[in-house]
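Residues per chain are reported as follows:
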Amino acid sequence: MNYLPPNYVISPAVARARQLGLPVVALETAVLTHGLPRPENLRAAREMESQVFQHGATPATIALLAGKVHIGLTTEQLEQLSRMDGLRKISRRDFGLAIARGESGGTTVSGTLVAAHQAGIRVFATGGIGGVHRGGGMDVSADLPELGRTPVLVVCSGAKSILDLPATLEVLETQGVPVIGLQTDEFPAFYSRESGLQVNLRVETPQEAAQIALAHWQSGVEGAVLLVVPPPEEVALPARQVESWIDQALREAGEKHIHGPAVTPFLLDRVAHLSGGASLQANLGLLFNNARVAAEAAAAIPGPTRLRSV
Ligand code: PSU
Ligand code: MN
């Protein structure tokens, strides 16, 4: 991976790390533009970068700015993005549209995977992945097929129970995505450490997960490995309590006929309000923790140049 597509801009810090084969961690920005309220969104994005940096890796925050795909943002660019209204949520579908129109936007898990892979980045930290929405309809996040085709180690806290979690795990299996639990046997439900659903394998360290990801890719599979990390004990919420907020948020979404990409941000916003801010603390705590875990894993994964010669 020695070149970047046109319309990509790589920051000097990320370019240098990539050149030297130093660990890099991709970070998404839909969490900044659509997932968290202001001003916590900017604080969270900065703190995730700082956690990555403090644990020995270079953060590569990814976003669309004026029709360019940016790999690594300046402080000013991050600040700008956190204040803009009416931004597009960029998933795999949206690159051409946003570039042609010169738009800016926050990249979702699928959008970040596309861009990170183009830049040769092998590790990505986020909060929760999108999945199969409840209700047995056709709303399945583009995150799932993207995970099935992009060789990146994705560190997250599972998926929120606004989704159908058993169905989400089924689709991950169909897509060939192994789900590894860090010091847990259970798939975390984002705000909660428990879901009653099993992971495929438990590891005790991020390095162990990195070794499994390398073995996966070296065996010829071109897909993601999902490392799930429960939210830290201090901020995690009991599953039963979260479920009642989610039930109400889902009812409201149905009544208001919310659909398409607006569903996830609507549900997140309603749960944050209904929980009186508790869900926000959980969200922030797990984002920072996942950034740290990803940095530790990235140190155990060789850079793109060396990986190609294996
Ligand atoms: N789930 C969350 N918080 C989020 C998202 C998902 O708990 O911020 C964001 C992620 O960027 C994810 C996207 O990739 O929403 C999924 O959106 P959709 O359901 O429209 O595919
Ligand atoms: Mn959707």
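Residues numbered from 1 in each chain as written. Chains lettered and ligands numbered in written order. Predicted model: local features only at pLDDT ≥ 70, side-chain atom pairs only at ≥ 80, totals over all residues. Heavy atoms only, no water.

> Let's hear about the overall build of the chain: which residues, and what values?
Secondary structure assignment for the chain yields 13 helices and eleven strands. For 310 residues, the compact-globule formula gives about 19 Å, and the C-alpha radius of gyration of the chain, at 18 Å, lands near that figure. Considering only C-alpha atoms, the chain reaches an extent of 50 × 45 × 35 Å along its principal axes. When contacts within the chain are restricted to residue pairs at least 6 apart in sequence, long-range pairs at least 24 apart make up 74% of them. As displayed, the chain has an accessible area near 13,200 Å², and 52% of this comes from carbon and sulfur atoms. The centroid of the 25 positive side-chain charges in the chain is displaced by 7 Å from the centroid of its 29 negative side-chain charges. (Helix = DSSP H or I, 4+ residues; strand = E, 2+ residues; numbered from the N terminus. Rg over C-alpha atoms; globule rule 2.2 N^0.38 Å. Contact = heavy atoms within 4.5 Å. Areas by Shrake-Rupley, 256 points an atom, 1.4 Å probe, with all protein chains shown as cover. Lys, Arg positive; Asp, Glu negative; His and termini not counted. Charge placed at Lys NZ, Arg CZ, Asp CG, Glu CD.)

> Talk me through the packing of aromatic side chains; I want residue IDs and the actual numbers.
For the structure on display, the rule yields one aromatic pair. Taking 5.0 Å as the distance between ring centres and 90 degrees as the angle between the ring planes, the aromatic pair formed by phenylalanine 190 and tyrosine 191 counts as edge-to-face. With respect to class, phenylalanine 190 is no different from tyrosine 191; both count as buried. Over the face of the ring belonging to tryptophan 217 we find arginine 122, whose NZ or CZ atom lies 4.9 Å from the ring centre. (Phe/Tyr/Trp six-rings, centres within 6.5 Å; stacked < 30°, edge-to-face > 60°. Buried < 20%, exposed > 50% of the residue type's maximum accessible area, 1.4 Å probe, protein only. Lys NZ or Arg CZ within 6 Å of the ring centre and 35° of its normal.)

> Can you break down the pattern of salt bridges residue by residue, with the values?
Tallying each qualifying case throughout the model produces 14 salt bridges. Glutamate 233 is the salt-bridge partner of arginine 193, the closest N and O atoms lying 3.9 Å from each other. A residue pair is termed long-range when its members are at least 10 positions apart, and arginine 193 in the loop between strand 9 (179–182) and strand 10 (201–203) and glutamate 233 in the loop between strand 11 (225–228) and helix 10 (239–255) qualify at 40 residues. A salt bridge links arginine 202 to glutamate 204; the nearest nitrogen and oxygen atoms lie 2.7 Å apart. Under the relative-accessibility criterion, arginine 202 is labelled partly exposed at 37%. (Salt bridge = Lys/Arg side-chain N within 4 Å of Asp/Glu carboxyl O.)

> Just give me the short version of the environment of glycine 127, but keep the residues and values in it.
Its location among the elements puts glycine 127 in the loop between strand 7 (123–125) and helix 7 (143–149). Remark: the alpha-carbon pair of glycine 127 and serine 157, spanning 30 residues in sequence, is separated by 5.8 Å. Ignoring sequence-local partners within four residues, the contact set of glycine 127 consists of Cys156, Ser157, Gly158, Phe190, Leu286, Leu287 and Asn290.

> Help me get a handle on the site of ligand 1, residues and values and all.
Neighbouring ligand 1 are 15 residues; Val109, Ser141, Asp143, Lys160 and Thr264 lie closest to it. Glutamate 28 has a polar side-chain atom sitting 3.0 Å from an oxygen atom of ligand 1. One of the side-chain nitrogen or oxygen atoms of threonine 264 is found 2.8 Å away from an oxygen atom of ligand 1. When ligand 1 is considered free in solution it has 470 Å² of accessible area, and contact with the protein chains removes 90% of it. Contributions of two or more residues to the shell around ligand 1 are made by helix 2 (30–35) and helix 11 (263–274). When grouped by side-chain class, the residues that make up the shell around ligand 1 number five nonpolar, six polar and four charged. (Near = heavy atom within 4 Å. Polar contact = N/O pair within 3.5 Å; in protein donor to acceptor, adjacent residues only side chain to side chain. Nonpolar A, V, L, I, M, F, W, Y, C, P; charged D, E, K, R; others polar.)

> Lay out the packing of helix 9 (residues 206–218) against helix 12 (residues 278–298) with the relevant residues and their values.
It is at 8 Å that the axes of helix 9 and helix 12 come closest, and there the two elements cross at 55 degrees. Classified by the angle their axes make, helix 9 and helix 12 are oblique. Regarding helix 9 and helix 12, the two cross each other, and that crossing is right-handed. On helix 12, the residues that touch Pro206, Gln207 and Ala210 of helix 9 are Val293, Glu296 and Ala297. Considering only residue class, the contact of helix 9 with helix 12 consists of four nonpolar, one polar and one charged. (Axes fitted to C-alpha atoms, helices over the stretch in contact; angles between N-to-C directions. Parallel < 35°, antiparallel > 145°, perpendicular 65-115°, else oblique. Left-handed = near helix turned anticlockwise from the far one by under 90°.)

> Quick one: what's the story with the packing of helix 3 (residues 40–54) against helix 12, residue by residue and with numbers?
At a minimum axis separation of 8 Å, helix 3 and helix 12 run at an interaxial angle of 25 degrees. Accordingly, the angle class assigned to the pair helix 3 and helix 12 is roughly parallel. Helix-helix and strand crossings are classified by hand; for helix 3 and helix 12 the assignment is right-handed. Each of Glu40, Arg43, Ala44, Glu47, Met48, Gln51 and Val52 in helix 3 lies in contact with helix 12, whose residues at this interface are Leu280, Leu284, Leu287, Phe288, Ala291, Arg292 and Ala295.

Just distances and angles here, no functional claims.
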